[in-house]
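# Chains, contacts and geometry: an overview
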Amino acid sequence: MKNVPGTAIDRRTFITLSAATAGLVLYPDTLLFGQTSTGITANQISTASQAAASPAATKPAQRPDPLKPELVKEFVIAAHVDLDKTKALLTETPALLNATWDWGAGDFEMAIGGAGHMGRRDIALFLISQGGRFDLFVAAMLGRLDVVKPMLAAFPHLANSRGPHGIPLMVHAQKGGQDAAEVAAFLESLKAQPA
């Protein structure tokens, strides 16, 4: 007879469950915690568990204060055109590296994004060398066909996506100049292909 909720159980199951319950009542330390070679008792384990769960142990790490918005905006603007200022600001406040400025209406931009649509290869490469996040738009501006082509093969609709300020992928490639000519030609060839 199978044990189905709401039905009677067979004699073997009843006896097994009864014995287990009796064991828990009569010998809780041994059955719940087992005998240890170190001689640690259930009370010692319980005390250690309570100590580990103390407020000091469970208190989450305190997060640092947010970056000052005006500093984030200054850094993002600098990375559009000024390598020296970008370096100076990042040296002073390393947390700016991947900070994002909200221009409004869903137009978020990191410093590397500004360098990307302005064709500032030097600034983009500096930010990447510091661990900056790298995206498809910056790859297009840098002329990285080895990155752009497989990304678009895997996700063809990205060819129509837009970067900061709604700037299309093709414009990023064009801003890359001669270094990105192959990427621009590749993106142009996608327009001729049927959807």
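Look a little higher up for the structure.
Residues numbered from 1 in each chain as written. Predicted model: local features only at pLDDT ≥ 70, side-chain atom pairs only at ≥ 80, totals over all residues. Heavy atoms only, no water.

### Notes on the overall build of the protein
When helices and strands are counted, the protein shows twelve helices and two strands. With 195 residues in all, the protein has 30% of them scored as buried. Taking the intrachain contacts of the protein between residues at least 6 apart in sequence as the baseline, contacts between residues at least 24 apart amount to 54%. In the structure as shown, the protein presents an accessible area of about 13,100 Å², 59% of it carried by carbon and sulfur atoms. (Helix = DSSP H or I, 4+ residues; strand = E, 2+ residues; numbered from the N terminus. Buried < 20%, exposed > 50% of the residue type's maximum accessible area, 1.4 Å probe, protein only. Contact = heavy atoms within 4.5 Å. Areas by Shrake-Rupley, 256 points an atom, 1.4 Å probe, with all protein chains shown as cover.)

### Topic: the pattern of salt bridges
As enumerated under the stated definition, the model contains five salt bridges in all. Here glutamate 74 makes a salt bridge to lysine 85, at a shortest N to O gap of 3.2 Å. With glutamate 74 in helix 5 (residues 69-81) and lysine 85 in helix 6 (residues 83-92), this residue pair connects regions lying eleven residues apart in the sequence. According to the relative accessible area criterion, glutamate 74 is partly exposed, its value standing at 32%. Accessibility expressed as a relative area gives 35% for lysine 85, which makes it partly exposed. (Salt bridge = Lys/Arg side-chain N within 4 Å of Asp/Glu carboxyl O.)

### Quick notes on the nonpolar core
Phe75, Leu90, Leu96, Ala124 and Leu127 are the most contacted members of the largest nonpolar core, which has 24 residues in total. Mapped onto this core, the elements with two or more residues apiece are helix 5, helix 6, helix 7 (111-118), helix 8 (121-129) and helix 9 (136-141). Per-element accounting of this core gives the leading share, six residues, to helix 5. Those residues in contact with alanine 124 that sit more than four places away from it in its chain are Ile112, Ala115, Val138, Met141 and Leu142. Counting 14 residues, the second largest nonpolar core, distinct from the first, contains Leu145, Leu169, Val183 and Ala184. (Core = buried A, V, L, I, M, F, W, Y, C linked by side-chain atoms within 4.5 Å.)

### Digging into the side chain of aspartate 107
Along the chain, aspartate 107 turns up in the loop between strand 1 (100-102) and strand 2 (108-110). For the buried aspartate 107, which has no salt bridge, the nearest side chain bearing the opposite charge is arginine 162, at an N-O separation of 11 Å. Of the polar contacts made by the side chain of aspartate 107, one reaches the backbone nitrogen of histidine 165; its length is 2.8 Å. Apart from residues no more than four positions distant in its own chain, aspartate 107 is found in contact with Trp101, Asp102, Pro164 and His165. (Lys, Arg positive; Asp, Glu negative; His and termini not counted. Polar contact = N/O pair within 3.5 Å; in protein donor to acceptor, adjacent residues only side chain to side chain.)

### Thoughts on helix 10 (residues 145-154)
Where helix 10 is concerned, the buried positions are Leu145, Val148 and Leu152. All buried residues of helix 10 fall inside an arc of 70° around its axis, so they share one side. The exposed set on the far side of helix 10, more than 90 degrees from its buried face, consists of Asp146 and Ala153. Buried-residue contacts for helix 10 involve helix 9, helix 11 (169-175) and helix 12 (181-192). (Arc of directions from axis to C-beta.)

### Quick notes on helix 12
Between its first and last C-alpha, helix 12 extends 17 Å over twelve residues, near the 16 Å set by a 1.5 Å rise per residue. Regarding helix 12, the residues found buried are Val183, Ala184, Phe186 and Leu187. Along the long axis of helix 12, the arc covered by the buried residues comes to 160°, so they all point the same way. Among the exposed residues of helix 12, those pointing more than 90 degrees away from its buried face are Glu182 and Ala192. Packed against the buried residues of helix 12 are helix 9, helix 10 and helix 11. (Expected span 1.5 Å × (residues − 1).)

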